[in-house]
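As a plain string of letters, each chain reads:
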Amino acid sequence: MGTQNAPLRLTDYRDLAAGHVTRPVWDFVDGGSGDERTLAANTAAYDHRRLRPRILTDVDKIDTRTALFGTPLATPIGLAPVAYHRLLHPEGEVATVRGAGAAAALTVVGIFASRTLEDIARAAGGPLWLQLYWLRRRAVLEQLIDRAEAAGYEAFVVTLDAKRIGQRLRDMRNGFTLPEGVAAVNVDPAVMAEAHQAHEADSAIAAHAETSFDRALTWDDLAWLRARTSKPILLKGVLTAEDARLAAEHGVDGIVVSNHGGRQLDNAVPTIDALEECVQAVAGTMPVLIDGGIRRGTDVFTALALGASAVLIGRPFLWGLAAGGAEGVTDVLRLATSELEHTMTLMGTPTLADIDRTAVRP
Ligand SMILES: Cc1cc2nc3c(=O)[nH]c(=O)nc-3n(C[C@H](O)[C@H](O)[C@H](O)COP(=O)(O)O)c2cc1C
Ligand SMILES: CCCCCCC(=O)C(=O)O
């Protein structure tokens with residue numbers, strides 16, 4: 001690619017990616033729920049944040065390294081769990097983790113990955129966590145946990161904001177179904193068969209969730225999961241101080257402040273606006289991650305300043321994957337990390353530990 005067209009920011013990859021996928025796949029990735037207010041608000045909420053740069057600090061060397069649960073990471077920017085990467089690239093999650101590994105970044109692999117957990121682990125050059133939806137069939141979850149642990153996955157992220165799938169009008173209009181050759185290959189075929197029987201609903205994705213997700217789940221059920229693994233457990237989809245506090249009380253190891261990239265409850269609070277109350281509620285007892293609408297190094301910096309331990313990006317790495325496979329994923333992570341370095345230099349904060357609440361205007 002000539003330098004004139006080389007992507008200079010994450011959203012340049014969005015333009016590139018659009019030409020690589022069909023319209024229904026683009027809508028599935030790009031879209032949100034309802035009127036897409038939360039989708040838009042996630043990014044807009046960063047527009048309103050203003051930074052307070054400091055002068056005369058030594059920023060000759062910038063260090064973006066961090067660690068989560070003892071695992072070193074070159075960057076505090078990781079990849080959010082996303083289903084079905086083969087929608088975007090024939091190699092799917094294998095290409096994704098190869099790309100993330102080249103940037104020494106964390107990947108949270110989705111339970112509905114389109115490559116096997118073992119193939120993904122073999123290709124990975126960086127740490128892997130596994131995201132779980134709480135399926136009605138706990139035996140399926142148990143098997144997944146065992147397989148993930150055996151393959152070297154280091155933590156589990158339970159997504160709890162999807163008791164049913166958000167009302168995604170684009171997918172409903174497109175009658176979205178998975179193309180031939182793309183499937184959730186790690187989930188027991190019985191679960192998928194149940195979903196197909198129930199395929200009366202608006203999209204195949206929504207139909208699947210109707211039958212397979214456990215909606216009766218409560219805080220008490222977490223003990224079941226805790227008893228099944230000694231690996232760190234994080235809850236994804238926390239947006240309030242109340243739930244962050246309950247998470248701490250129920251012995252989980254971390255939370256992800258997330259509204260599912262504006263794909264679940266429309267009008268849910270933008271994540272950057274929810275971050276501080278969650279951080280205060282857990283009072284330093286566990287890492288707090290955040291995702292949703294992060295498109296710039298300044299957004300990453302803002303989230304870290306408001307108390308996030310790390311951030312996850314979703315759509316931006318999918319754009320990189322669609323446009324350039326593993327290399328596209330690496331480049332997206334490098335672009336974002338180099339924008340963070342740039343921001344840290346201009347803000348006068350040479351290490352992540354130097355970034356604090358005073359860096360963002362209240
Ligand atoms: C196409 C797509 C599929 C997703 N699949 C999952 C999933 O399987 N599990 C999950 O917890 N979150 C899923 N998410 C949500 C992401 O983990 C993340 O919360 C969101 O993408 C962050 O917002 P961003 O895309 O603005 O960065 C998905 C998001 C997208 C765009
Ligand atoms: C029952 C399949 C659900 C896949 C959902 C993927 C997802 O979370 C998304 O946002 O899309």
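- The protein goes by Alpha-hydroxy-acid oxidizing protein in an unreviewed UniProt entry, where it is assigned to Catenulispora pinistramenti.
- Per its UniProt entry, the protein bears the Sequence similarities (unreviewed entry) comment "Belongs to the FMN-dependent alpha-hydroxy acid dehydrogenase family."
- UniProt lists a comment for the protein under the heading Cofactor (unreviewed entry), and it reads "FMN".

1. A look at the overall build of the protein
Right, so step 1: Along the protein, the regular secondary structure elements total 14 helices and 10 strands.
Right, so step 2: For the protein, whose C-alpha radius of gyration is 19 Å, the value lies close to the compact-globule estimate of 21 Å for 362 residues.
Right, so step 3: Reported as C-alpha extents along the three principal axes, the dimensions of the protein are approximately 65 × 50 × 40 Å.
Right, so step 4: When burial is assessed residue by residue, the protein has 55% of its 362 residues classed as buried.
Right, so step 5: Put simply, 74% of the contacts in the protein that link residues at least 6 apart link residues at least 24 apart.
Right, so step 6: For the protein, the centre of its 36 positive side-chain charges and the centre of its 45 negative side-chain charges are spaced 2 Å apart.

2. Describing helix 11 (residues 241–249)
Right, so step 1: The set of residues buried in helix 11 consists of Ala241, Ala244 and Ala247. Down the axis, helix 11 shows its buried residues gathered within 120° of arc, on one side only.
Right, so step 2: Those residues of helix 11 that are buried are in contact with strand 7 (233–238), strand 8 (254–257) and helix 12 (271–282).
Right, so step 3: One or two positions beyond helix 11, positive phi appears at Gly251, with a value near 75°.

3. Focus on a positive patch on the surface
Right, so step 1: Residues Arg50, Arg52, Arg54 and Arg361 make up a contiguous surface patch of positive charge.
Right, so step 2: Its place among the elements puts Arg361 in the segment after helix 14 (315–347).
Right, so step 3: Judged by relative accessible area, Arg361 falls into the exposed class, the value being 54%.

4. Thoughts on the site of ligand 1
Right, so step 1: Surveying the vicinity of ligand 1 reveals 23 residues, the closest of which are Pro81, Thr159, Asp291, Arg295 and Gly314.
Right, so step 2: Taking Asp291, its side chain carries an N or O atom lying 2.7 Å from an oxygen atom of ligand 1.
Right, so step 3: Arg295 is positioned with one of its side-chain polar atoms (N or O) 2.8 Å from an oxygen atom of ligand 1.
Right, so step 4: Summarising the interface, the protein chains cover 98% of the accessible area of ligand 1, which totals 610 Å² for the free molecule.
Right, so step 5: Mapped by element, the contributors of at least two residues to the shell around ligand 1 are helix 2 (23–30), strand 5 (128–133) and helix 14.

5. Concerning the site of ligand 2
Right, so step 1: Taken together, Phe28, Ala83, Phe112, Tyr133, Arg168, Ile205, His208, Ala209, Phe213, His260 and Arg263 form the complete shell of residues around ligand 2.
Right, so step 2: Note that an oxygen atom of ligand 2 is positioned 2.8 Å from one of the side-chain N or O atoms of His260.
Right, so step 3: Within the side chain of Arg263, one N or O atom sits 2.7 Å away from an oxygen atom of ligand 2.
Right, so step 4: In terms of residue count, the dominant contributor to the shell around ligand 2 is helix 9 (residues 204–212) (three residues).

Cut-offs and rules
- Residues numbered from 1 in each chain as written.
- Chains lettered and ligands numbered in written order.
- Predicted model: local features only at pLDDT ≥ 70, side-chain atom pairs only at ≥ 80, totals over all residues.
- Heavy atoms only, no water.
- UniProt positions renumbered as here; feature names shortened; annotations may be inferred.
- Helix = DSSP H or I, 4+ residues; strand = E, 2+ residues; numbered from the N terminus.
- Rg over C-alpha atoms; globule rule 2.2 N^0.38 Å.
- Buried < 20%, exposed > 50% of the residue type's maximum accessible area, 1.4 Å probe, protein only.
- Contact = heavy atoms within 4.5 Å.
- Lys, Arg positive; Asp, Glu negative; His and termini not counted.
- Charge placed at Lys NZ, Arg CZ, Asp CG, Glu CD.
- Arc of directions from axis to C-beta.
- Patch = residues over 30% accessible without salt bridge, like charges linked within 9 Å, V, L, I, M, F, W, Y side chains within 5 Å.
- Areas by Shrake-Rupley, 256 points an atom, 1.4 Å probe, with all protein chains shown as cover.
- Salt bridge = Lys/Arg side-chain N within 4 Å of Asp/Glu carboxyl O.
- Near = heavy atom within 4 Å.
- Polar contact = N/O pair within 3.5 Å; in protein donor to acceptor, adjacent residues only side chain to side chain.

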